[in-house]
Amino acid sequence: MITRSVTIEDIDDLYLMWNDHINASALYRRALREEMEVRGVDPEELRELLERAREQGYTLEEIAEDTNRFDDLQSLVEEQQNQPPTGDATDD
């Protein structure tokens, strides 16, 4: 897992100190899921495409470099899937 830094206001920090039972990571993920919903991205589909891209040998950094939206990731995975396997096969 990659850790990202998030800037919060003093009032946010104080509120989280008062309520130390609140999982700030969960709040962050919930906000991201809401943003995905607004943009029409299904988190489960995104998770599946990311897993497929990794199975195809892409690193997270390569995926981020080669794509910038859901449709790009989908195209990347499908293009790789449709490529004929490379190897030393020869015609007899």
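First, a word on scope: everything that follows refers to the structure included in this document.

Rules behind the numbers
Residues numbered from 1 in each chain as written. Predicted model: local features only at pLDDT ≥ 70, side-chain atom pairs only at ≥ 80, totals over all residues. Heavy atoms only, no water. Helix = DSSP H or I, 4+ residues; strand = E, 2+ residues; numbered from the N terminus. Buried < 20%, exposed > 50% of the residue type's maximum accessible area, 1.4 Å probe, protein only. Contact = heavy atoms within 4.5 Å. Areas by Shrake-Rupley, 256 points an atom, 1.4 Å probe, with all protein chains shown as cover. 1 Å grid on protein atoms, 1.4 Å probe; cavity = no way out; pocket = protein on both sides within 12 Å on 5 of 7 lines; lining within 4 Å. Points joined across faces, edges and corners; volume = space filled by probe spheres on them. Nonpolar A, V, L, I, M, F, W, Y, C, P; charged D, E, K, R; others polar. Salt bridge = Lys/Arg side-chain N within 4 Å of Asp/Glu carboxyl O. Core = buried A, V, L, I, M, F, W, Y, C linked by side-chain atoms within 4.5 Å.

Examining the overall build of the protein chain
Across its full length, the protein chain holds five helices and zero strands. Overall, the protein chain shows an N-to-C arrangement of helices and strands of α-α-α-α-α. Burial statistics for the protein chain: of 92 residues in total, 13% are counted as buried. Residue pairs in contact within the protein chain that sit at least 24 positions apart in sequence constitute 36% of those at least 6 positions apart. Working note: accessible area of the protein chain is about 8,300 Å², and carbon and sulfur atoms make up 47% of it.

Thoughts on the layout of surface pockets
Each pocket or cavity is described by its volume, and for the largest pocket that value is around 1,600 Å³. As for the largest pocket, its lining consists of 32 residues, and the residues nearest its centre are R4, Y28, L32, R33 and M36. Within the residue set of the lining of the largest pocket, elements represented by two or more residues are α2 (24–38), α3 (43–55), α4 (60–66) and α5 (70–82). No other element matches α2, which puts nine residues into the lining of the largest pocket. Here the lining of the largest pocket is built from residues that sort into 19 nonpolar, four polar and nine charged.

Section: the pattern of salt bridges
This model, assessed by the stated rule, comprises five salt bridges. Across the pair E44 and R47 runs a salt bridge whose closest N-O atoms are separated by 2.8 Å. In this pair, E44 and R47 both sit in helix α3, three residues apart, roughly one turn of the helix. Between R69 and D72 there is a salt bridge whose closest N-O contact spans 3.4 Å. In the salt-bridge network here, residues are joined through shared partners; they are R69, D71 and D72.

Points about the nonpolar core
Soluble globular proteins tend to pack their nonpolar side chains together in the buried interior. Of all hydrophobic cores here, the largest spans 10 residues; its members are M36, V41, L49, A53, Y58, I63, F70, L73, L76 and V77. Where this core is concerned, the elements lending two or more residues are α3 and α5. A total of four residues in this core trace back to one element, the largest contributor, which is α5. Once you skip the residues sitting within four places of it in the chain, V77 turns out to touch L49, R52, A53 and Q56.

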